[in-house]
Amino acid sequence: IHMSSAEFYDNFITYQAESGINDRIYGLYRRLCQTGLTDDTRILEVGCGIGTLTYLLLKKITQGKIEATDISPASIAFAQKYLRAANLTLIAADILQFEPQSKIFDRVLLFDVLEHIPVEQHTAVFQRISKWMNDDSLLLINLPNPAYILYEQKYNPSALQETDQPVYL
């Protein structure tokens, strides 16, 4: 298994744009708000895609900082066309090379990301992220049901992304 490539996600933009803010993204946003988001929260959003969740976050976080990153330069360019705010930084980068502008974040989001990074690289990802957190920071992870991915791998592989593996808690 290899990490999903930037090129794959560059070609995934149309699908994301057509999906828009779907129930899954809005549900993640609602649950994130329940963690005590305030207008000055500092967020690192890993795997932001074209910025659908980022868009919602900008409505809530007006004084804080949002750094959103994605492996796809084309996805970041798309987001930069539609999302402009003084407190938003959008960066195309692989999480294993990414260097955030902020030193510490209140929330680090890995929403539907880990299943696209080979399991043997997860330790490195968590080691990097831990440097950007303090005792009050929250790491928020959303994973698809591993049984769903296994089913799709067997019966409908075209429905999956380039690297899509089951990740167990």
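Structure: see above.
A. Summary view of the pattern of salt bridges. Counting across every chain of the model gives three salt bridges. When the shortest N-O distance is used, the salt bridge between Asp-112 and Arg-24 registers 2.2 Å. Of this pair, Asp-112 sits in the loop between β4 (107–111) and α6 (122–130) while Arg-24 sits in helix α3 (residues 23–33), and the two are 88 residues apart along the sequence. The exposure class assigned to Asp-112 is buried, which follows from its relative accessible area of 18%. Its salt-bridge partner being Asp-106, residue Arg-42 comes within 2.7 Å of it at the nearest N-O pair. Linking Arg-42 in strand β1 (residues 42–46) with Asp-106 in the loop between β3 (88–92) and β4, this pair joins segments that are 64 residues apart in sequence. With relative accessibility at 31%, the residue Arg-42 sits in the partly exposed group. In this structure Asp-106 comes out as buried when scored by relative accessible area, which is 19%.

B. Representation of the nonpolar core in the model. Counting residues in each nonpolar core, the largest one holds 22 residues, and the members touching the most others are Leu-32, Ile-43, Leu-53, Leu-57, Leu-90 and Leu-109. Listed by contribution, the elements that provide at least two residues to this core are α3, α4 (52–60), β2 (65–70), α5 (73–82), β3 and β4. Residues contacting Leu-57, with those up to four places away along its chain left out, are Tyr-29, Leu-32, Leu-37, Ile-43, Glu-45, Ile-66 and Leu-109.

C. Expanded view of the packing of aromatic side chains. Enumeration over the complete set of coordinates arrives at four aromatic pairs. When the ring of Tyr-26 is compared with that of Tyr-29, the centres are 6.1 Å apart and the planes differ by 40°; the resulting orientation is tilted. In this pair, Tyr-26 and Tyr-29 both sit in helix α3, three residues apart, roughly one turn of the helix.

D. Highlighting the sheet that holds β1. Here five strands make up an open sheet; going across it, the order is β3-β2-β1-β4-β5 and the pairing parallel. Every interior strand has two partners, whereas the edge strands, β3 and β5 (138–142), have only one. The sheet shows a mean angle of 15° between the axes of neighbouring strands, taken without regard to direction. Across five bridges, β4 lies against β5 in parallel orientation. By the bridge assignment, Phe-111 is partnered in β5 with Asn-142.

E. Up close: α6. Regarding α6, the residues found buried are His-122, Val-125, Arg-128 and Ile-129. All buried residues of α6 lie within an arc of 125° about the axis, which places them on one face of the element. Exposed residues on α6 whose side chains face more than 90 degrees from its buried face are Thr-123 and Gln-127. Elements that come into contact with the buried residues of α6 comprise β4 and β5.

F. Expanded view of the pairing of β1. With respect to burial, β1 is a largely interior element, four of its five residues being buried. The pairing of β1 with β2 spans five bridges and is classified as parallel. When the sheet's bridge partners are listed, Ile-43 is paired in β2 with Ile-66. Taken together, β1, α4 and β2 constitute a β-α-β crossover, and its handedness is right-handed. In this sheet, β4 lies alongside β1 in parallel orientation, the contact comprising four bridges. Its bridge partner being in β4, Val-46 is matched across the sheet by Leu-110.

G. How the structure looks around the side chain of Ser-137. Inspection of the secondary structure puts Ser-137 in the loop between α6 and β5. A residue is classified by how much of its surface remains accessible, and Ser-137, at 10% relative accessible area, is buried. Among the polar contacts made by the side chain of Ser-137, one reaches the main-chain carbonyl oxygen of Phe-105 at a distance of 2.5 Å. In terms of polar contacts, Ser-137 uses its side chain to reach the backbone amide nitrogen of Asn-134, at 2.8 Å. Once residues within four sequence positions are removed from consideration, Ser-137 is found in contact with Ile-104, Phe-105 and Asp-106.

Thresholds applied
- Sequence order as written defines the numbering, with residues in each chain counted from 1.
- pLDDT decides what is reported in this predicted model: residues at 70 or higher carry local features, side-chain atom pairs at 80 or more are listed and counted, and totals for whole chains, interfaces and linings draw on all residues regardless.
- For side-chain calculations, the full set of non-hydrogen atoms in the structure is used, while hydrogens and water are omitted.
- The working definition used for a salt bridge is a side-chain nitrogen of Lys or Arg within 4 Å of a carboxyl oxygen of Asp or Glu.
- Per the convention used, a helix needs a DSSP run of H or I reaching at least four residues, while a strand needs a run of E reaching at least two, with both numbered from the N terminus.
- Burial here depends on accessible area, computed with a 1.4 Å probe over protein chains only, as a share of the maximum for the residue type. Under 20% is buried, over 50% is exposed, and the range in between is partly exposed.
- Throughout this description, the term nonpolar core refers to a set of buried Ala, Val, Leu, Ile, Met, Phe, Trp, Tyr and Cys residues connected via side-chain atoms within 4.5 Å.
- Whether two residues touch is decided by their heavy atoms; if any such pair falls within 4.5 Å, the residues are in contact.
- Stacked, tilted and edge-to-face are the three classes applied to pairs of Phe, Tyr and Trp rings, where Trp contributes its six-membered ring and a pair requires centres within 6.5 Å; stacked means planes under 30 degrees apart, edge-to-face means over 60, and tilted covers the rest.
- A pair of strands is treated as paired once DSSP finds two or more bridges between them.
- Under this scheme, a helix contributes an axis fitted over its contacting stretch, all axes are lines through C-alpha atoms, and angles between N-to-C directions fall in the 0 to 180 degree range.
- Working note: the arc is built from the helix axis to C-beta atom directions.
- Handedness is read with the strands pointing away from the viewer; a crossover is right-handed when the path from the first strand over the helix to the second is clockwise.
- Within 3.5 Å is the distance limit for a polar contact, defined as a pair of N or O atoms, with the added protein rule that one can donate a hydrogen and the other accept it, and that residues adjacent in sequence qualify only through two side-chain atoms.

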